[in-house]
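Descriptive structure summary
Take a look at the letters that make up each chain.
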Amino acid sequence: MLRPALVALVLLAAHTAAALLPVEDCVRLALARSPATQAAAADLRAAQARVRAARAAYWPKLTGQAQYGHSEGYDEAITNGGVTLLGLAIEAPLLDGGERAAALAAARARVTSARALARQRQADVAFAVRSTYFAALAEQADAAIYRRAGDALADYRALLERQVELGLAPSSDLPRAALALETARSAVRAADAALGAAAQELSQLTGVTVEATALTAPAASPPLPVDDDAIEASPVLADARASAEAARRDADVARSEGRGHLGLNADGGFLGVNPAPTFRDNGGGEFLFGFTMPLFDGGAIAARTAAATAASASAEANVGQVRQDLVIALTHARADAQRAGADTVAWQRLQPAADDALLLMRARYFGGGGATLVDVLDALDQTIAARAAVVRSQLDQRMAAAAVEQLLGRGME
């Protein structure tokens, strides 16, 4: 528990010094305090403890025995008058039909499953942080775009009002300008509200106060390869395989109930009726080899074996289902990333043309080239739409890339 705390303190100090909080620092802070990752770590420790318990079944059991009893009024042939016992007993299974080996293998498989789930929980936390962080960046960019547009629209509206007063423009143009201005202001309010909510969510996830001014756009990085090896190494598939292995071993445990068991029992100590003669005269020991073989139990063992075998078959089929679902989800996420990347390039290419069209329309308007102020407002709307489209496509691209990382169980870069 000390190491995550130190990580959080170091990152907090770096954040204070640099006044910036990159997305990967947010991920590290969130992983250091996430209840989900802490629960997964506890589950892993529990699975490891069950392995130790399964391994302990190979050791003989040593127990101490102590009894004292006294009875009167009964036939001594039945009660012997009471009992005084002090001794040690050792019990060691010699042949168990493969039960201990199967139980140990099942426990080890569940450790593998718990370890895979812990990796996936880290990837889930990282995705939650990244998605919120990227959404906040998009809202921040939208707020800046519409705030600048609102300032320009306010100037155009004031100019249009003066033109209407002078009779240079029809009054019917005023509602168009007012609507454009209020639309931009509404977009600013919406973006600011969403940005504030995202900053609060990041603060909750990371445990530090995250200000919108501390967010910084990550550098573009090439997508990591997604091949068969990466898919096979994913935590969700590793968990499914480990669960299938555990189910197979559970079926072996059930089958072992129908096999013969051989055990050794040994006792030593003092056994008798009255304490004094018992400890003086009745010290001794015994050992016993015992072999048991179930002959008839009404079909209980067969039923439990059939249930365990069916559960094993289900877990084995689930491996194929998980692999299929993972491949399909990765296909969609990668397609979304490619589409968003193409959209980003396209809108970035069109954005200068929209800016040039706005400048041309403004020049024609102020130069008396036959353009109206409403034409300028339309050109401004197109420029705003192009800039906002770049922001949206960049967000989609980042979210799709983060989804791929989550599906593959990659918590940190």
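Located above this text is the structure these notes cover.
One structure accompanies this document, and this report is about it.

In this section: the nonpolar core. Of all hydrophobic cores here, the largest spans 46 residues; its most connected members are L21, Y133, F134, L153, L215 and V376. Among the secondary structure elements, those contributing two or more residues to this core are α2 (23–33), α5 (99–165), α6 (173–206), α10 (300–366) and α11 (373–407). Looking at this core element by element, the count peaks at 14 residues for α5. Not counting chain neighbours up to four residues away, the residues in contact with L215 comprise L21, Y133, A136, L137, Q140, L195, L202 and V210. Listed in part, the 16 residues of the second largest apolar core include V319, V322, L330 and V404.

Turning to helix α3 (residues 35–56), a few remarks are in order. For α3, spanning 22 residues, the distance from its first C-alpha to its last is 32 Å, which sits close to the expected 32 Å at 1.5 Å a residue. Taken as a whole, α3 has its buried residues at T37, A40, L44, A47, V51 and A54. End-on view of α3: buried residues confined to an arc of 90°, all on one side of the axis. Across α3 from its buried face, at more than 90 degrees, point the exposed residues P35, R45, R52 and A53. Looking at the buried residues of α3, the elements they touch are α2 and α5. The residue sitting at the N-terminus of α3 and contributing the capping side-chain oxygen is S34; that oxygen lies 3.2 Å from the backbone nitrogen of A36.

A contiguous nonpolar patch, built from L94, L95, F287, F289, F291, M293, L295 and F296 and spanning about 1,000 Å² of accessible area, is present on the exposed surface. For the nonpolar patch, the element with the most residues is strand β4 (residues 283–292), which contributes three residues.

Within the secondary structure, Y133 sits in helix α5. The exposure class assigned to Y133 is buried, which follows from its relative accessible area of 0%. A C-alpha to C-alpha distance of 7.1 Å links Y133 and A198, two positions 65 residues apart in sequence. Once you skip the residues sitting within four places of it in the chain, Y133 turns out to touch L21, P22, V23, C26, L202, A214, L215 and T216. Only 2.8 Å separates the side chain of Y133 from the backbone nitrogen of T216, close enough to count as a polar contact.

With that settled, the discussion passes to the pairing of β4. Of all 10 residues making up β4, only zero are buried, and the element is barely covered by its neighbours. Alignment of strand β3 (residues 261–272) against β4, held across 10 bridges, turns out to be antiparallel. If you follow N265 over to β4, its bridge partner there is L288.

The next subject is the packing of α3 against α5. Look at α3 against α5: their axes get within 8 Å of each other, and the N-to-C directions meet at 170°. Of the possible angle classes, the one that applies to α3 and α5 is roughly antiparallel. Residue-level inspection shows A36, T37, A40, D43, L44, A47, Q48, R50, V51, A54 and R55 of α3 in contact with α5, the latter providing A103, L104, A107, R108, R110, V111, A114, R115, A118, R121, Q122 and V125. Here the residues of the contact of α3 with α5 are counted per class, giving 13 nonpolar, three polar and seven charged.

Each regular strand shows side chains that alternate between the opposite faces of the sheet. Examined bridge by bridge, strand β1 (residues 61–70) and strand β2 (residues 82–95) share 10 bridges and lie antiparallel to one another. For Q67, the partnering residue across the bridge sits in β2 and is L85. Bridge analysis of β2 against β3 gives 11 bridges, and the strand direction is antiparallel. Within the sheet, the bridge partner assigned to L95 lies in β3 and is L262.

Our next topic: the pattern of salt bridges. When the charged atoms of two side chains lie near each other, side chains of opposite charge can form a pair. Counted by the stated rule, this structure contains 24 salt bridges. Of the charged contacts in the structure, one is a salt bridge between E245 and R249, with a shortest N-O distance of 2.8 Å. One end of the pair, E245, and the other, R249, are both in helix α8 (residues 235–256), four residues apart, so they sit about a helical turn from each other. Where salt bridges share partners, they join E245, R248, R249, D252, R255 and E316 into one cluster.

Okay, the sheet that holds β3 next. The four strands lie next to each other as β1-β2-β3-β4, forming an open sheet whose pairing is antiparallel. The open sheet is flanked by β1 and β4, the only strands paired with a single partner. Adjacent strand axes in the sheet meet at a mean angle of 20°, parallel and antiparallel pairs treated alike.

Before going further, it helps to spend a moment on the environment of Y68. Secondary-structure assignment places Y68 in strand β1. On a C-alpha basis, the gap between Y68 and N274 in space is 9.0 Å, while along the polypeptide they are 206 residues apart. Ignoring sequence-local partners within four residues, the contact set of Y68 consists of V83, T84 and P275.

Procedures and definitions
- Residue numbers here run from 1 along each chain, matching the order of that chain's written sequence.
- Confidence filtering applies because this is a predicted model: local features only for residues at pLDDT of at least 70, side-chain atom pairs given and counted only at 80 or more, and all residues used for totals across whole chains, interfaces and linings.
- Side-chain calculation: all heavy atoms of the structure are included, whereas hydrogens and water are not.
- Take the buried residues of types Ala, Val, Leu, Ile, Met, Phe, Trp, Tyr and Cys, join any two whose side-chain atoms come within 4.5 Å, and each joined set is a nonpolar core.
- Exposed residues in this analysis have more than 50% of their type's maximum accessible area, buried residues have under 20%, and partly exposed residues fall in between, with area computed by a 1.4 Å probe over protein chains only.
- Only DSSP runs of H or I with at least four residues qualify as helices, and only runs of E with at least two residues qualify as strands; both kinds are numbered from the N terminus onward.
- Contacts are assigned to residue pairs with any non-hydrogen atoms lying within 4.5 Å of each other.
- In this analysis, the expected span of each helix is defined as 1.5 Å times one less than the number of residues it contains.
- Our arc is simply the arc of the directions from the helix axis toward the C-beta atoms.
- Two N or O atoms count as a polar contact when they lie within 3.5 Å, although within protein this holds only if one can serve as hydrogen donor and the other as acceptor, and sequence-adjacent residues are included solely when both atoms are side-chain atoms.
- What makes a patch is a set of residues exposed beyond 30% relative accessible area and free of salt bridges, joined within 9 Å when like-charged and within 5 Å when nonpolar (Val, Leu, Ile, Met, Phe, Trp, Tyr).
- Under the convention used here, a 1.4 Å probe and the Shrake-Rupley method define accessible areas, while residue burial counts only the protein chains that appear.
- Salt bridge, as used here: a side-chain nitrogen of Lys or Arg that lies within 4 Å of a carboxyl oxygen of Asp or Glu.
- For two strands to be treated as a pair, DSSP must find no fewer than two bridges joining them.
- Working convention: axes come from line fits to C-alpha atoms, limited for helices to the stretch in contact. Angles between N-to-C directions cover 0 to 180 degrees.
- Throughout this description, any angle smaller than 35 degrees is read as roughly parallel, any larger than 145 degrees as roughly antiparallel, any in the 65 to 115 degree range as roughly perpendicular, and the remainder as oblique.
- Here the nonpolar group is Ala, Val, Leu, Ile, Met, Phe, Trp, Tyr, Cys and Pro; Asp, Glu, Lys and Arg are the charged ones; every other residue, Gly included, is treated as polar.

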